[in-house]
Every structure is written in C-alpha cells, then in structure tokens.
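A structural walkthrough
Next come the chains, spelled out residue by residue.
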Amino acid sequence: MYRLLNHTLIFQIFLAFFILLPSIGNACTIFCGKDKNGHVWAANNEDGTYSFANYLNIFPKTEDTKYGYFTLSYESEKNGENGGIEGGMNEAGLFYDFNSISTTLVKDLHKKKAFPEGDFKILSHILASFSTVQEVIDFFNVYWFEVGFNSAQMHIADKYGNYGIIGPSGSRLLKNERYQISTNFDICGNQNSSDPERYWRFPIVKENLEKKQVGLASFSDICELTSIKGKGYYGGHTIYSNIQNLNTGDVWFYFTSDYKNPYKTSISELLSKGRKSYLIRDLFPMHPISVLYTNYQTNGGKSTFDIYKALDISKERKSEILSVFVSLFKENYDESLLPFLEEHLKSNPQGHWMRSARATVYFQNGDIEKAKAIVKTYKNEVPETSMEVDKILNLFDGKFEENANVTIELEGYQDAKQVFVKGLPTSFDFLIKKNGKWVGKFSIEPGCYNYLFMVDGEEVLDSNTPVKITASIYEDWYNSHRLCMGMTNEAYQVIIKVKVPNKDDIVYIAGNQRNLTNWSPIFRLKKTSDFEREFTTELHLPAKFKFSRGNSETEAIMKGNEKDKEGEWLTMEYNLNSKNVVYEIIGWKDKQ
C-alpha cells in the first residue's frame with residue numbers, strides 16, 4: 001500500500017553512511033603490535049578520495065559515560081558521533097578503525113538484536129563504555145547494525161595486548177600475538193584476496209613488523225611505505241595517518257604524505273580541552289596542502305598555482321598535491337584552477353575528461369577555436385578514445401544532441417562565464433547561453449535525479465524551477481531541483497511485504513533509486529512474523545528492486561517470476577496500480 005507524502009522525505013538512506021563510505025572510496029591499512037616494554041601501538045592510514053574536511057572530535061567523560069575518547073570523521077564533526085565515525089581511541093586504551101571489504105553475508109544475523117539506542121549510537125557506545133577487545137566482541141555477539149555493516153570490518157586493539165577483528169563473516173580474538181594487520185579483504189572469512197589492489201599493503205606491513213622493533217619509528221615508516229600517495233585504486237590519497245601508544249595515550253598525526261613533521265598530542269591533553277572538533281588540516285598550518293588550500297579560499301586558483309610552483313618539496317609529493325587540486329577543479333567547476341589541470345596534463349596526457357574539461361574552459365571563455373583544437377588533437381593522439389568527440393564539437397557550435405529528451409534552463413546570470421548542471425548523468429554537463437538563458441539539452445535514462453547549477457564555481461538554484469529538500473548518503477539535507485524520467489515526481493510511502501521460505505531468513509532489498517540504495521544491498525526487511533518480512537520507505541513509482549540475503553550471489557527466487565534472455569531473474573516492480581502486494585520468495589540463487 002502507499003499514500004502520497006507532502007512532507008519532506010524521511011532520510012533513511014543516511015543510516016547507511018558508515019557502511020557505504022568505505023565501499024565507495026576508503027581503503028585503510030591498519031596494524032597494531034606490542035613493543036619490547038609491553039606497550040601496545042596501533043596505526044591507521046586513511047586512504048580514499050581526497051577531502052579537505054576531515055575532523056578530530058573530542059568527547060570528555062560525562063555522567064553517562066565511563067571513558068573519554070576521540071573519533072575521526074569525514075565532511076562534518078557531526079559524523080564523529082554517529083554512524084559516520086571512521087575510527088577512534090578512548091582513555092582506557094581501546095582503539096578501533098575500519099577497512100572496507102567486499103559485500104559479505106552477515107553470519108548468524110538472525111540471532112542478533114538491534115541495539116536499543118539505535119545504529120547511530122553503537123560506535124560511540126563502544127568507546128564510551130568498553131576497555132577491552134573482549135567486551136567489543138561480546139557486544140557484537142549480541143547486537144548488530146540494523147542497516148548495513150556487510151562491507152566493512154572493524155580492527156580493534158587494547159592496551160592489554162589483545163587484538164580483534166569483527167566483520168560480517170564473524171569475529172576473532174588474538175591473545176599473546178606480536179601483531180595484527182588488516183587491509184581490504186575479509187580476515188574472518190579467511191579470504192586470501194585475489195585483487196592485488198586490495199592486498200598489496202598487507203605483505204609490506206607483515207615483512208616490516210617481522211624485522212623491526214614495534215614503536216613510533218617503525219610504525220611511521222610502515223605508514224609511509226603503504227601510503228597511496230596519489231596513485232591508489234581507491235581514489236588516490238592517504239589523507240592522514242594516526243599512530244597511538246595505547247598504554248601512554250600518546251598520539252601522533254601525519255598529514256598527506258609528510259612523515260617528517262607529525263602533530264604530537266595525547267588523549268589526556270585532548271580531553272583536557274573539553275568537547276571540541278578540529279579540522280585535521282588546521283593542525284598542520286604549514287603543510288603545503290594547508291597553505292595552498294587556505295590561499296585558494298581567499299585568493300583563488302591562479303594565485304595558489306603560483307605558490308605551488310615555488311614549493312621546495314620532492315617531485316613525488318609535488319605530484320600528489322597537483323592531483324589533489326586537479327580533483328578540486330573537477331569538483332568545483334572552478335576555472336581559476338585550470339593551471340593545475342594544464343600542469344598535470346604535461347606529464348599525464350591521458351584521460352579524456354581532463355582534455356574535455358580543459359577544452360570546455362576555453363569554450364566558455366569565448367575561445368571556441370582553441371577549444372575545438374584541444375579536442376581534435378586528443379582524438380588524433382588517442383584514436384580509440386571513448387570521448388564523444390562529435391558530440392562535444394557540436395556543443396561548441398551550439399548544437400545539442402538530436403535525441404535529447406530533457407531541456408534544462410537557468411534564468412539570469414548573463415555575466416557568468418561558466419554554468420554547469422550538477423547531478424545529471426551526462427558526459428558533458430555545461431550549459432550554453434541562448435536567448436537570454438543558460439540552456440542544456442540531454443538524453444537522460446529513466447530515473448529520479450537531484451540537480452543544481454554551478455555558476456562560476458558557486459552552487460545556485462533556478463527561481464523558476466521547483467526546489468525539493470534532498471538527502472544524500474554523504475550529506476545532511478540540502479536543496480535541489482528534481483528530475484524524474486519515467487517515474488512519478490511525487491514520492492509515495494510504500495509498504496513492501498515479503499513471505500520467506502525459512503524462519504531464519506534475512507532479506508535485503510536493493511533497487512533503482514536513492515531510498516533503495518541504487519542497487520546496493522544495505523537495507524534489510526523487518527521481521528514481522530516467522531515467515532513474513534516488511535520494509536517501509538518513500539519511493540518514486542514505478543520502483544524496481546530485487547531481494548537477496550545480502551549480496552548479488554544470494555538473490556531471491558520469486559514466486560511467479562521469470563528470467564530474461566541472459567538467464568537473470570527479472571526485477572520486481574511496484575507501480576501506481578500496486579496495492580497490498582505481498583511478494584513471495586521460494587528460494588535463493590546460492591541454494592540452487
């Protein structure tokens with residue numbers, strides 16, 4: 001059943017923040033070990049798509065908690081106290097951090113309970129309440145996340161020399177071992193990763209821990225040896241590293257590949273300053289990244305590039321910083337950062353998005369012939385390129401694609417140089433000034449998309465287009481326009497009911513829109529009786545989805561369903577005519 005909702009969308013998808021984040025960008029090399037004095041050390045490399053918004057969040061002990069602690073988070077200090085915690089340590093000497101792993105079935109999930117305070121409180125509760133690895137393992141033997149935690153594993157250590165791994169495949173406790181290492185393959189599932197990009201750091205850490213004494217020097221060396229340095233599969237960068245002595249409480253932070261100039265502190269010193277959050281980059285005001293970004297915020301990209309050119313640092317570190325600002329150019333559509341892109345192209349000429357982005361800047365500055373020449377030259381150099389050369393050349397001539405089914409317009413901003421539409425699935429997202437408006441015509445596949453405009457690097461909304469309140473797995477609420485192709489503009493509250501063949505069956509749903517996690521099996525249905533499961537959310541219709549036990553290999557076989565020409569089961573569909581539909585699972589793909 002469904003009903004039309006007039007209020008803002010319920011933000012269920014944000015519950016998946018903690019679990020989804022590792023799977024879409026963050027790697028992590030985590031290791032711990034005991035030194036000759038019996039002190040336990042733990043370290044982490046935070047790898048992923050570069051972010052300037054990384055936070056160190058301090059939580060002193062309160063009347064309701066046993067221990068003070070710190071957490072690390074992306075994008076907002078709020079994520080340092082909910083499901084977005086990336087790692088942390090408490091004053092009792094308990095440490096944890098997370099690796100992303102492939103989506104994995106959760107072992108014995110039907111035996112676990114939801115934490116009474118909710119998913120968002122679990123990670124804070126562990127640091128506020130526990131001092132040993134055993135306590136954390138005991139907790140997860142009883143409780144589990146209601147949403148997700150099937151694509152990450154938790155690496156734990158305590159000052160007593162105990163190490164642990166908790167993941168969807170189970171848990172382990174190591175006592176009297178010299179060290180523990182985890183990267184991006186499932187430790188408890190005994191997975192020997194066949195993907196070298198996930199595994200390559202593990203043997204490096206192991207070799208060094210076997211040969212060297214555990215301590216600050218060896219741990220910082222290992223962090224540097226396994227640093228991604230702008231070249232990684234997971235987005236390119238080790239943003240920061242943190243090393244901690246769990247017995248003394250001393251903590252060292254390292255920022256963007258600089259392992260010579262740490263920020264030294266201790267958990268007692270941090271807690272003495274009260275409840276605060278710090279941008280990690282602000283702890284390193286003289287780091288080249290911090291200097292450049294601060295200047296960029298004040299003076300723009302061209303001035304920042306002049307400072308970059310004068311940096312007296314190694315070629316490798318300079319190259320990494322260059323790639324950071326190329327990514328910032330792509331993210332912000334900021335013309336002033338073009339010098340970084342052009343510098344990058346001198347040594348890295350491949351990558352057609354960079355060539356087309358460069359050409360687009362010249363086009364929007366009125367140099368149409370140079371824009372065309374850039375594209376044609378690239379086509380000559382790389383004939384097999386997947387760049388849609390004819391399409392972009394036609395756009396430079398003011399000609400839109402013939403099969404366009406969507407027209408996007410923005411009124412005003414006649415003096416703007418650059419206008420883009422952000423959020424639509426299109427290869428070329430710049431708009432062209434026509435008849436007093438900024439116009440784009442695109443061929444868009446069915447789906448619901450949230451979009452806004454970027455005008456000379458600033459996000460804007462069109463006063464003539466309805467504005468919706470939108471939520472994202474990366475952000476809090478924000479305003480955007482909404483385009484629904486082949487689906488209702490309105491969101492309906494939908495109750496999806498499913499019959500299952502076995503009392504202990506766990507059922508996940510994944511489908512074709514944001515509140516169905518865009519085909520990622522994160523949400524599981526609520527058990528309403530032994531053989532019934534239920535899921536309530538808000539959907540644009542028709543909604544298409546599949547059920548599984550937690551990944552694509554365990555897809556549900558539905559009563560009355562058929563296979564397509566490739567032998568794959570067809571998706572379920574909920575449309576405007578669907579009322580009181582109950583789906584029935586008769587088996588599972590992995591049980592065939």
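Residues numbered from 1 in each chain as written. Predicted model: local features only at pLDDT ≥ 70, side-chain atom pairs only at ≥ 80, totals over all residues. Heavy atoms only, no water.

This part covers the pairing of strand 5 (residues 69-74). The element strand 5 is largely enclosed, with a buried count of six among its six residues. The two faces of strand 5 match: Y69, T71 and S73 on one face and F70, L72 and Y74 on the other face are all buried. As defined by bridge partners, strand 4 (residues 54-59) adjoins strand 5 across six bridges and the pair is classed as antiparallel. Within strand 5, the residue paired with N54 across the bridge is Y74. Judged from the five bridges that link them, strand 5 and strand 6 (residues 85-90) form a sheet pairing that is antiparallel. (Buried < 20%, exposed > 50% of the residue type's maximum accessible area, 1.4 Å probe, protein only. Helix = DSSP H or I, 4+ residues; strand = E, 2+ residues; numbered from the N terminus. Pairing = 2+ DSSP bridges.)

In spatial order, the strands read 28-27-31-33; together these four strands make up an open sheet with antiparallel pairing. Strands at the two margins of the open sheet, each flanked by one partner only, are strand 28 (523-524) and strand 33 (572-574). In the sheet, strand 31 (residues 543-548) pairs with strand 33 via three bridges, with the strands oriented antiparallel. The partner of F545 across the bridge, within strand 33, is M572.

Evaluation of the coordinates by the stated rule reveals 39 aromatic pairs. Summarising the aromatic geometry, the rings of F59 and Y69 are spaced 5.0 Å apart at their centres and angled 20 degrees between planes, so their arrangement reads as stacked. Of the two residues, F59 is situated in strand 4 and Y69 in strand 5; the sequence distance between them amounts to 10 residues. What makes F59 buried here is its relative accessible area of 8%. Aromatic ring contacts, followed pair by pair, group Y50, F52, Y293, Y296, F305, Y308, F325 and F340 into a single cluster. One residue, K264, lies across the ring of W252, its end atom 5.4 Å from the ring centre. (Phe/Tyr/Trp six-rings, centres within 6.5 Å; stacked < 30°, edge-to-face > 60°. Lys NZ or Arg CZ within 6 Å of the ring centre and 35° of its normal.)

Where empty space is left in the structure can be found by rolling a water-sized probe over the atoms. Roughly 620 Å³ of internal volume is contained in the second largest pocket. Elements that contribute at least two residues to the lining of the second largest pocket include exactly strand 8 (113-114), strand 28, strand 29 (526-529) and strand 30 (532-539). In terms of residues, the lining of the second largest pocket owes the most to one element, strand 30, which gives four residues. Of the residues in the lining of the second largest pocket, the class split is nine nonpolar, three polar and 12 charged. (1 Å grid on protein atoms, 1.4 Å probe; cavity = no way out; pocket = protein on both sides within 12 Å on 5 of 7 lines; lining within 4 Å. Points joined across faces, edges and corners; volume = space filled by probe spheres on them. Nonpolar A, V, L, I, M, F, W, Y, C, P; charged D, E, K, R; others polar.)

Moving on to the nonpolar core. Of all hydrophobic cores here, the largest spans 74 residues; its most connected members are L56, F70, F325 and F396. In this structure, L56 is in contact with F70, T71, L72, F253, L270, K276, S277, Y278, I280 and L283, ignoring residues within four places of it in sequence. Ranked by size, the runner-up nonpolar core spans 29 residues in total, among them L94, L127, F130 and Y508. (Core = buried A, V, L, I, M, F, W, Y, C linked by side-chain atoms within 4.5 Å. Contact = heavy atoms within 4.5 Å.)

Moving on, we come to the packing of helix 2 (residues 122-129) against helix 3 (residues 133-142). Closest axis-to-axis distance for the helix 2/helix 3 pair is 10 Å, and the angle between their directions is 145 degrees. Helix 2 and helix 3 meet at a crossing whose hand is right-handed. Listed contacts from helix 3 to I122, H125, I126 and S129 of helix 2 are E135, V136, F139 and F140. Class assignment of the residues belonging to the contact of helix 2 with helix 3 gives a composition of five nonpolar, two polar and one charged. (Axes fitted to C-alpha atoms, helices over the stretch in contact; angles between N-to-C directions. Left-handed = near helix turned anticlockwise from the far one by under 90°.)

This structure, assessed with the given rule, holds 20 salt bridges. With its nearest N and O atoms 3.6 Å apart, the salt bridge here joins R201 to D47. With a gap of 154 residues between them, R201 in helix 5 (residues 201-211) and D47 in strand 3 (residues 40-49) connect regions that are remote in the sequence. Among the ionic pairs, E584 bridges to K559, the shortest N-O distance being 3.7 Å. With E584 in strand 34 (residues 582-588) and K559 in the loop between strand 32 (556-558) and strand 33, the pair connects residues that are 25 residues apart, well separated along the chain. Taking relative accessible area as the criterion, E584 reaches 30% and is therefore assigned partly exposed. Using a relative accessible area of 58% as the deciding quantity, one classes K559 as exposed. (Salt bridge = Lys/Arg side-chain N within 4 Å of Asp/Glu carboxyl O.)

Mean pLDDT over the protein stands at 90; residues scoring 70 or higher make up 93%. Here residues 1-25 is a poorly scored stretch, pLDDT under 50, and it has 91 contacts once near neighbours within four places are set aside; other chains count. (pLDDT = per-residue confidence, 0-100.)

With that out of the way, let us pick up the sheet that holds strand 13 (residues 179-182). In spatial order, the strands read 13-2-3-14-15-16; together these six strands make up an open sheet with antiparallel pairing. The open sheet has two free edges, formed respectively by strand 13 and strand 16 (258-266), since each of these has just one partner strand. In this sheet, neighbouring strand axes are inclined to one another by 15 degrees on average, regardless of whether the strands run parallel or antiparallel. In this sheet, strand 13 lies alongside strand 2 (residues 29-34) in antiparallel orientation, the contact comprising four bridges. By the bridge assignment for strand 13, I30 is matched with S182. Its contacts with the sheet place helix 6 (residues 216-225) against strand 2, strand 3, strand 14 (236-245), strand 15 (250-255) and strand 16, and it is angled at close to 20 degrees to strand 3.

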